[in-house]
Amino acid sequence: MRKVFFYKIADLIEKRTKLIFFLGLIITLVAVFFAGKIYIKTSFKDLMPQSHSTVKEFNKIIDNYKSASNIIIGAKGNNEEDLKKFVEEITPQIKNIKKFIKRVEHKISSDFLENNAFKLMKEKDLKNAKDMYKDLGILPLLREINNNFERTYVADGEESISNQEKENLAVASLDGIKNWLQTMEFYLKNNNNENKIHAKKAVSKLLIGENYMMSQDKKMILLFAHPNFSVENIDKSTILMKKLDSLILKTSKNYPSIELSGASGTIPLAVEEMEAAYADMNITSLISFVLIIILFIFSFRMLSAPLLAGFSLIIGIVWTAGLIGATIGSLNMMTSMFAVILIGLGIDFNIHVIAAYNENKAKNKNENESLKLAFEKSGNGILMGGITTALAFFTMLVSENAGMKEFGFVAGSGVLLSVLSSIFILPSLLVLRDKIKKKKIKVKNKSEFNLLGNIAEHIYNKPFLYVFATVLVTVFLTYSTSKITFDYDYLSLQPEGLKSIAMQDTILEKFNMTPDMVLITTSDIERAREITKEAKKLKKVALVTSISDFIPSEDEFKKRTPYIKEIASYLENTETQKLTEENFDEFIDEIYRIEDNVIELAQLSFTGGQEKVDKKTKELVGDLEISADERKSLMKNLATKLQENKELSIKYLNNFQNDYEPFFRNLAKKMTSQEKINWKNLPKDISERFISEDKKHFLVTIYPKEQVWNFEFLESFSKQMKKIDEKITGMPLVFIILMDLIAKDGKLAAILTLIIVFLLLMIDFKDFKLSILTLLPLVLGTIWMLGLMQIFGMQLNLMNVMGVPLILGIGIDDGVHILHRYRVEGKYRIKKIFSSTGKAVFITSLTTIMAFGSLGFATSRGLASLGITLAIGIATCFFTTLFVIPSLIGLMEKSYKK
């Protein structure tokens with residue numbers, strides 16, 4: 001039946017050669033049109049089923065809160081003032097990109113905080129701090145700073161810095177005290193018009209805190225740019241990032257002290273990933289295609305046939321790209337290497353056609369006879385190899401994982417289209433070439449590979465030895481396979497040297513948080529408040545931002561108001577105590593008292609493992625492991641300088657008091673405002689961060705303390721987040737769900753592939769022994785592949801784990817072609833089979849290894865690991881075919897003789 005089918009195709013090609021070629025060209029032009037519509041999606045979110053509740057919630061947040069697709073711009077350097085000047089200079093320039101930018105945050109909204117700071121403080125903190133406002137003189141103020149410090153940190157012990165929020169508040173408090181003392185020292189050295197500016201800054205830092213987004217060591221600064229579109233709009237993302245990169249480069253050049261500057265976040269990473277994906281797709285496809293054609297020319301000792309095979313191969317790839325453009329419309333991080341996959345697989349079919357065609361042309365057969373005999377010997381193998389490989393890929397359509405599902409469709413369809421191209425386009429090109437030359441092409445019979453035939457015959461003659469050796473190797477590699485580990489680090493799949501990831505790592509180092517946040521929305525501010533409180537208690541959380549941080553509850557407002565009124569009454573007293581010779585020694589004692597308090601906090605933070613507090617205390621009192629005489633203490637140094645000239649010190653400190661007191665009193669008075677805060681009258685820069693565009697939902701953002709791509713941390717963090725609220729979402733949670741889906745879908749696809757391949761073999765061969773004989777090298781080859789990966793120090797990851805179901809679909813070809821030729825040639829012809837068809841199998845395996853190996857040139861480490869995995873798999877499947885089939889056929893045929 002199939003023989004008749006292939007004969008009719010041969011007759012059609014010989015009679016209608018130009019028509020077939022013309023129709024193929026028309027289809028190709030249509031495919032080119034649709035292929036032009038393809039775009040690349042690089043987020044692993046796109047690999048998830050979009051119907052999954054976590055993904056749906058994430059997409060909803062991305063659509064309703066543009067701030068969820070933020071861009072973090074960072075600068076690192078040794079000069080605090082330069083860093084602040086950098087953000088002040090670049091911020092208005094970014095705001096001017098009005099076509100793409102909705103807002104820019106480079107510091108905390110000072111007006112809002114100045115008017116509402118006391119209402120946002122906790123009741124206990126207000127109680128502890130209220131006496132600071134009784135007398136704003138330099139001595140009583142310093143005394144009350146100490147009292148407040150002791151009530152807040154010393155009295156409560158480790159509890160005062162027991163979570164990330166409290167630790168951050170302690171660092172801010174220490175920072176305010178440090179700046180206050182440094183300003184005193186500044187007044188001892190300077191007596192000019194700039195003094196008041198420093199006094200005002202000192203007051204602001206003491207009462208409000210640092211309004212720039214700076215690291216605790218003051219060596220890195222951040223600003224957040226919020227676009228008016230989501231990360232899904234990759235065209236706008238690309239244009240915007242080009243503009244921002246240019247601005248960052250130009251502005252940072254104005255400040256030589258800045259060592260590093262750049263952007264991180266969802267949009268910069270998406271753009272860099274997309275650009276890397278396009279580059280990888282182009283370079284790997286070109287490298288694999290060129291290498292394969294060169295190998296083809298070298299193997300067949302001719303130029304025209306390999307070039308025609310290459311043309312046929314390109315046609316199949318273009319048809320596939322057209323199908324993708326007309327159906328899915330996009331490529332994801334898994335399907336982006338479809339061209340390389342098809343180069344490796346599609347050339348397989350073309351090699352078998354050319355090998356068989358040349359074999360018959362060498363026997364002086366005409367075009368029609370050569371095609372018929374070629375199809376008779378290799379047609380079944382090509383057809384069944386293509387169908388089994390395609391159906392193996394199509395098993396991935398049952399996956400919940402959208403990435404695997406799309407890959408299954410793209411690869412399966414691509415294989416079938418490549419088969420069609422090799423059956424219709426390539427033969428028509430070969431016939432057309434021969435007709436144009438108007439004479440028979442004299443082809444020497446170089447299609448046989450006697451070395452491979454001799455090796456197969458040797459194995460055939462000593463089956464017991466090679467069966468035993470195969471079993472031994474398989475047992476060893478099975479044990480090795482059981483030891484292979486999984487790399488859950490998503491960032492390890494990314495191209496090396498991505499600027500956004502380098503900046504992300506720096507942010508993690510300097511701010512103890514990662515930009516890979518999790519998100520939750522609620523329609524109730526009180527529920528947002530509950531979520532925020534629960535999240536802030538967790539040690540794995542670095543930062544929580546919520547609208548509840550800016551709107552106290554009714555109960556909180558009632559409890560705080562009496563203290564705010566008390567502070568307001570204190571501020572009406574305009575009399576302040578001056579520093580005199582009589583109280584100067586008391587002032588010095590208070591400075592040393594601050595040192596003692598900071599030392600006690602340093603000991604608490606060291607014991608409790610609060611690194612941020614520990615580092616900040618060292619800035620004030622030095623390293624406690626060094627003797628008191630040797631360590632650098634800001635307080636001791638200040639006290640020593642003050643005592644060098646008591647009279648002059650009193651004068652300069654009173655100047656400082658005269659300068660800071662009006663600013664202090666006016667700012668504190670503004671902070672005593674008792675007007676209730678309502679979400680409807682929040683400043684725009686705050687409301688847009690937390691309130692949805694339809695004004696019905698409120699966003700809570702939770703930033704992890706550690707790198708979420710550490711799987712142990714990610715798994716534990718995800719469980720904690722789900723306990724807070726089942727609706728919680730974000731990239732880390734999407735990723736861990738994706739990992740579960742890949743594991744489940746991969747196993748299902750592998751099992752289905754084996755079942756379908758076996759059923760197809762049974763239908764094709766109608767012989768159980770031959771079907772098992774074809775399948776066995778595939779199973780052993782997969783085990784060998786995993787075992788060798790472990791030996792070579794490779795790990796499975798999100799990308800190369802797909803190599804298992806893929807190799808089950810790809811690796812079956814070798815056995816199919818060999819055993820189809822075995823049925824044609826008959827028994828006791830193992831040398832002939834491996835010398836002829838074996839050569840084609842060897843070349844196709846080598847070309848496929850080269851195609852997949854070319855992925856090793858990809859900048860994406862995920863793609864590179866997949867390519868290397870598949871190259872190993874193809875090699876192991878070839879060797880298991882070479883060892884298993886001749887040895888088992890040898891055993892079977894020896895039993896026939898008996």
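Along each chain, the written sequence defines residue order, and numbers are assigned to residues from 1. For this predicted model, a pLDDT threshold of at least 70 governs which residues receive local features, and a threshold of 80 or more governs which side-chain atom pairs are given and counted, while totals over whole chains, interfaces and linings are taken from all residues. Processing note: side-chain calculations cover all non-hydrogen atoms of the structure and skip hydrogens and water entirely.

Visitor: Could you clarify how one ought to interpret the overall build of the protein chain in this entry?
Guide: Every helix listed is a DSSP run of H or I at least four residues long, and every strand listed is a run of E at least two residues long, numbered separately from the N terminus. Looking only at helices and strands, one finds 32 helices and eleven strands in the protein chain. Here the C-alpha atoms of the protein chain give a radius of gyration of 36 Å, more than 25% beyond the 29 Å that 2.2 N^0.38 yields for 898 residues. By principal-axis analysis of the C-alpha atoms, the protein chain measures approximately 120 × 55 × 50 Å. Here the term buried applies to any residue with accessible area under 20% of the maximum for its type, exposed to any over 50%, and partly exposed to those in between, with areas from a 1.4 Å probe on protein chains only. Within the protein chain, buried positions represent 59% of all 898 residues. Based on C-alpha atoms, the radius of gyration is set beside the globule rule, defined as 2.2 Å times the residue count to the power 0.38.

Visitor: Just checking my understanding: could you explain the packing of helix α30 (residues 812-825) against helix α31 (residues 830-853) for this structure?
Guide: Between two packed helices, the angle of one axis relative to the other and the distance separating the axes together describe the packing. Packing of α30 against α31 leaves a shortest axis separation of 10 Å and a crossing angle of 160°. If you check the angle between α30 and α31, you find them roughly antiparallel. The element α30 and its partner α31 pack so that their crossing is right-handed. Where α30 approaches α31, its residues D814, H817, I818, R821, Y822 and E825 are matched on the opposing element by K832, I833, F834, S836, T837, G838, V841, T844 and S845. Axis lines are fitted to C-alpha atoms, over the contacting stretch for helices. Their N-to-C directions set the angle, which ranges from 0 to 180 degrees. Working definition: roughly parallel below 35 degrees, roughly antiparallel above 145 degrees, roughly perpendicular at 65 to 115 degrees, and oblique for all remaining angles. When the near helix sits turned anticlockwise from the far one by under a right angle, the crossing is termed left-handed; a clockwise turn instead gives a right-handed crossing. Between two residues, a contact is recorded if the distance between any of their heavy atoms is within 4.5 Å.

Visitor: What exactly am I supposed to notice about the layout of surface pockets here?
Guide: Over the atoms rolls a probe the size of a water molecule, and its path tells where empty space is left. Both site types are read off a 1 Å grid over the protein atoms alone. A 1.4 Å probe that fits but cannot get out defines a cavity, while an open set with protein on both sides within 12 Å along at least five of seven lines defines a pocket; lining residues have an atom within 4 Å of a point. Grid points are joined across faces, edges and corners, and a volume is the space filled by probe spheres set on the points. Empty space within the second largest pocket amounts to approximately 1000 Å³. In this structure, the second largest pocket is lined by 36 residues; those nearest its centre are K84, N179, H198, K201 and K205. Contributions of two or more residues to the lining of the second largest pocket are made by α4 (80-95), α5 (110-120), α8 (164-189), α9 (195-207), α22 (611-621) and α24 (646-671). Among the elements that make up the lining of the second largest pocket, the one with the highest residue count is α8 (eight residues). Residue classes in the lining of the second largest pocket are distributed as seven nonpolar, ten polar and 19 charged. Polar here means any residue other than Ala, Val, Leu, Ile, Met, Phe, Trp, Tyr, Cys and Pro, which are nonpolar, and Asp, Glu, Lys and Arg, which are charged; Gly is therefore polar.

Visitor: Looking at this structure, how should I read the nonpolar core?
Guide: Side chains of a nonpolar character, in soluble globular proteins, are inclined to be buried together. Among the buried residues, those of types Ala, Val, Leu, Ile, Met, Phe, Trp, Tyr and Cys that are joined through side-chain atoms within 4.5 Å form a nonpolar core. With 185 residues, the main nonpolar core has I94, I702 and M721 as its most contacted residues. Setting aside anything within four residues of it in sequence, one finds I702 in contact with M517, V518, A535, V541, L543, V544, F717, M721 and I728. With 60 residues, the next largest nonpolar core counts M132, V171, A199 and F587 among its residues.

Visitor: Explain the environment of I588 to me, please; I cannot follow it from the model alone.
Guide: Mapped onto the fold, I588 is located in helix α21 (residues 581-608). A relative accessible area of 3% means that I588 is categorised as buried. In the structure, I588 is positioned 291 residues away from I297 in sequence and 90 Å away in space, judged by C-alpha atoms. Apart from residues lying up to four places away in sequence, I588 is in contact with A639, L642 and Q643.

Visitor: Help me understand α21 in this model?
Guide: Owing to its 3.6 residues per turn, the α-helix brings residues three or four apart onto one side. With 28 residues, α21 should reach 40 Å at 1.5 Å per residue; the first-to-last C-alpha distance of 41 Å fits that figure. G609 lies just past α21 and shows a positive phi near 80°. The span you would expect from a helix comes to 1.5 Å times its residue count less one.

Visitor: What is the right way to look at empty space enclosed by the protein in this model?
Guide: With the rule as written, the count across this model stands at six cavities of 30 Å³ or more. Volume-wise, the second largest cavity comes out at about 90 Å³. What lines the second largest cavity is L345, D348, I810, G811, D813, D814, T844, S845, T848, I874 and C877. Only α13 (338-361), α30, α31 and α32 (861-897) provide two or more residues apiece to the lining of the second largest cavity. For the lining of the second largest cavity, the leading source of residues is α31, giving three residues.

Visitor: What is the right way to look at helix α10 (residues 234-252) in this model?
Guide: Taking 1.5 Å per residue, 19 residues should reach 27 Å; α10 reaches 26 Å between its end C-alpha atoms and fits that length. For α10, the complete set of buried residues consists of I234, S237, T238, L240, M241, L244, L247, I248, T251 and S252.

Visitor: Explanation requested: a nonpolar patch on the surface in the structure shown.
Guide: Each patch is built from residues lacking any salt bridge and having more than 30% relative accessible area; the joining distance is 9 Å for like charges and 5 Å for nonpolar side chains (Val, Leu, Ile, Met, Phe, Trp, Tyr). All accessibility values rest on the Shrake-Rupley procedure with a 1.4 Å probe; residue burial counts only the protein chains present in the view. Salt bridges are identified by distance alone: a Lys or Arg side-chain nitrogen within 4 Å of an Asp or Glu carboxyl oxygen. Residues L19, F22, L23, L25, I26, L29 and V30 make up a contiguous nonpolar surface patch of roughly 620 Å² in combined accessible area. If you trace the backbone, V30 turns up in helix α2 (residues 17-35). A residue is classified by how much of its surface remains accessible, and V30, at 42% relative accessible area, is partly exposed.

Visitor: I'm lost on the sheet that holds strand β11 (residues 729-730) in this one. Help?
Guide: In sheet architecture, strand pairing relies on hydrogen bonds along the backbone and comes in two forms, parallel and antiparallel. Any two strands between which DSSP finds at least two bridges are classified as paired. The strand order across the open sheet built from four strands is β9-β10-β8-β11, with neighbouring strands paired in antiparallel fashion. Edge positions in the sheet fall to β9 (541-546) and β11, since each of these pairs with one other strand and no more. Pairing of strand β8 (residues 518-522) with β11, which is carried by two bridges, proceeds in the antiparallel orientation. Note that in β11 the partner of V518 across the bridge is G730. The strands that helix α19 (residues 525-536) touches are β8, β9 and β10 (698-704); relative to β9, the one it contacts most, it runs at about 170°.

Visitor: Explain unusual backbone geometry here, please?
Guide: With glycine set apart, most residues show a phi of negative sign, and most peptide bonds adopt trans. Within the chain, K695 stands out as a residue other than glycine whose phi angle is a positive 65°. Tracing the backbone shows K695 in the loop between α25 (684-690) and β10. The residue Y828 is not glycine, and still its phi comes out positive at about 60°. Within the fold, Y828 resides in the loop between α30 and α31.

Visitor: What exactly am I supposed to notice about the environment of K196 here?
Guide: Of note, K196 is situated in helix α9. The contacts of K196, once residues within four sequence positions are left out, are Y187, D659 and F663.

Visitor: Looking at this model, I keep getting lost on the pattern of salt bridges. Mind explaining?
Guide: Between side chains of opposite charge, a pair can form as their charged atoms come close. Here the structure, examined in full by the defined rule, presents 42 salt bridges. Among the ionic pairs, K533 bridges to E556, the shortest N-O distance being 3.8 Å. One end of the pair, K533, is in helix α19; the other, E556, is in helix α20 (residues 554-571), with 23 residues separating them in the sequence. Its relative accessible area of 17% is what places E556 among the buried residues. Through salt bridges that share partners, E80, K84, D175, K178, K205, E210, K218, K616 and E619 make up one connected network.

Visitor: So what exactly am I meant to see when it comes to the side chain of S605 here?
Guide: Position of S605 relative to the elements: it lies in helix α21. Contacts of S605, omitting those with residues within four sequence positions, involve I161, Q610, V613 and D614.

Visitor: What is the right way to look at the confidence of the model for the protein chain in this model?
Guide: pLDDT is a residue-level measure of predictor confidence that goes from 0 to 100. When the pLDDT values of the protein chain are averaged, the result is 85; 96% of them are 70 or greater. Counting interchain partners and residues more than four positions distant, the pLDDT-below-50 stretch residues 439-447 has 21 contacts.

Visitor: Looking at this structure, how should I read the environment of A469?
Guide: Within the fold, A469 resides in helix α17 (residues 463-482). C-alpha of A469 to C-alpha of F883: the two residues are 414 residues apart in sequence and 9.2 Å apart in space.

Visitor: Teacher, can you tell me more about the side chain of S718 here?
Guide: Note on placement: S718 falls in helix α26 (residues 711-724). Sequence-distant contacts of S718, that is, excluding residues within four places in its chain, are made with L733 and I736.

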